[in-house]
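# Structural description and commentary
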Amino acid sequence: MSIKYVHKPNTVEETIEILDQYREKGKIIAGGTDLVIDIKNRKANFEALIDVSSIEEMSFIKVENNLVEIGAATTFTEIAKSKLLSIRLSGLKEAAHSVGSPQIRNKGTIGGNICNGSPAADIVPPLLALDAIAVIKSKDGQREVLVEELFLDKGKVALGNNEVLVSVKFKNPNEKQILSFSKLGLRKALAISRICTSVFVEFDEEKICKEIRIANGSLGKFGTRERKVEEFFKGKKLTEEVIEEGVKLMQGQVAERLAGRSTVEFKSVAVKGVLRNALKNAISLNN
């Protein structure tokens, strides 16, 4: 199937109407940093492109009361440079800044990074650690679902062929909460993530870890919450000894998950350093 039509709607409602017309024969494009490559390699199995890159109601960063909302067509550069996002969300901004080259960051979008369902999507672990919610629209109405629940398999997300991801939203961290990020790539420039980790921590007055959410990328079929490791850290002070015990637990979890794969030895060891850095970043940012 070759591309026959290109649509550039001005509103979400227009997008929904066009998408409903084509269904599985239509494809949403925003930055197109991955999709354009597929098209060039003749992997495009659809006949209509629907370009949402100019839709203002899908390209925004909004902070109101206790809630942050980011439009799905918002670029990584816009996220990385946003003055609306506080230092307590530095993990999200760092993840956006770590994506590819400046050209890719200028074009690539948060929505595309989610909808591609790539295990190496840098922006996904921070969103999982934030317990972010996806806002999805179609002619049938609007639904909201945890970003975590969108991922079904490598490259496969739970979006109907008439649905469009409009935005993601999450609670704005308070003065006792922090989001950090750490990444291991093949090289700094243009690095596709080998491992990336994001940690959301809430400390109490005694610097005890009251709440923690840890999410990894590139350690499975899609971004993953690490609930067993989270349970270990809860209620503890993040001392050097506790952190070392926790990263060893993480090593065991990864070794079990990737058993039989060629990358298991490297990744089960490397994740220790990435998680350790993310935890120490969180502690440093909270001081």
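We now turn to the structure provided with this report. Here the residue index of a chain counts from 1 through its sequence in written order. Totals for whole chains, interfaces and linings use all residues, but because this is a predicted model, local features are given only for residues with pLDDT of at least 70 and pairs of side-chain atoms are given and counted only at 80 or more. Note that water and hydrogens are dropped before the side-chain values are worked out from all heavy atoms of the structure.

## With respect to the overall build of the protein
The condition is simple: Every helix listed is a DSSP run of H or I at least four residues long, and every strand listed is a run of E at least two residues long, numbered separately from the N terminus. Computation of the radius of gyration draws on C-alpha atoms alone. For the globule rule, the value is 2.2 Å times the number of residues to the power 0.38. Buried residues are those whose accessible area, probed at 1.4 Å on protein chains only, stays under 20% of the maximum for their type, while exposed residues exceed 50% and partly exposed ones sit between those limits. Any two residues whose heavy atoms approach within 4.5 Å at even a single point are treated as in contact. Under the convention used here, a 1.4 Å probe and the Shrake-Rupley method define accessible areas, while residue burial counts only the protein chains that appear. A residue counts as positive if it is Lys or Arg and as negative if it is Asp or Glu; His and the chain ends are not included. To locate a charge, take atom NZ for lysine, CZ for arginine, CG for aspartate or CD for glutamate.
Each helix and strand counted, the protein has 10 helices and 14 strands in total. What you see for the protein is a C-alpha radius of gyration of 19 Å, in line with the 19 Å of a compact globule of 287 residues. By the burial criterion, 49% of the 287 residues in the protein qualify as buried. Considering only residue pairs separated by 6 or more positions, the protein has 61% of its internal contacts joining residues 24 or more positions apart. Accessible surface for the protein amounts to roughly 13900 Å². Of this, 48% is attributable to carbon and sulfur atoms. Across the protein, the centroid of the 44 positively charged side chains sits 6 Å from that of the 38 negatively charged ones.

## Quick word on the environment of glutamate 14
Looking at the element boundaries, glutamate 14 is found in helix α1 (residues 12–22). Along the backbone, glutamate 14 and valine 52 are 38 residues apart, and their C-alpha atoms lie at a distance of 10.0 Å.

## A word on unusual backbone geometry
A positive phi angle, near 55°, is found at arginine 23, a position not held by glycine. Among the structural elements, arginine 23 can be located in the loop between α1 and β2 (26–29). Despite not being glycine, lysine 207 shows a phi value in the positive range, around 70°.

## What about the sheet that holds strand β6 (residues 133–138)?
How we decide: Here, a strand pair is defined by DSSP locating no fewer than two bridges between the strands. The axes used here are C-alpha line fits, helices contributing only the stretch in contact, and every angle between their N-to-C directions lies in the interval 0 to 180 degrees.
With antiparallel pairing, the five strands of this open sheet are ordered in space as β4-β5-β10-β6-β7. Each edge of the open sheet carries a strand with a single partner, namely β4 (61–64) and β7 (141–146). Ignoring strand direction, the axes of neighbouring strands in this sheet form an average angle of 20°. As defined by bridge partners, β6 adjoins β7 across six bridges and the pair is classed as antiparallel. Counterpart to alanine 134 in the pairing with β7 is valine 145.

## Quick notes on the pattern of salt bridges
Formally: When a carboxyl oxygen of Asp or Glu lies within 4 Å of a side-chain nitrogen of Lys or Arg, that pair is called a salt bridge.
Tallied over the entire structure, the rule returns 19 salt bridges. Glutamate 144 is the salt-bridge partner of lysine 169, the closest N and O atoms lying 2.8 Å from each other. Here lysine 169 is found in strand β10 (residues 164–171), whereas its partner glutamate 144 is found in strand β7, with 25 residues between them in sequence. With a shortest N-O distance of 2.7 Å, glutamate 205 and lysine 176 are connected by a salt bridge.

## Focus on the sheet that holds strand β1 (residues 5–7)
Ordered in space as β1-β3-β2, the three strands form an open sheet in which the pairing is parallel. Edge positions in the open sheet fall to β1 and β2, since each of these has one partner strand only. Each adjacent strand pair in this sheet contributes to an overall mean axis angle of 20°, direction not counted. Sheet analysis places β2 next to strand β3 (residues 48–51), joined by four bridges and oriented parallel.

## Overview of the side chain of serine 268
Mapped onto the fold, serine 268 is located in helix α10 (residues 264–286). Setting aside residues no more than four positions away along its own chain, serine 268 makes contact with Gln251, Val254 and Ala255.

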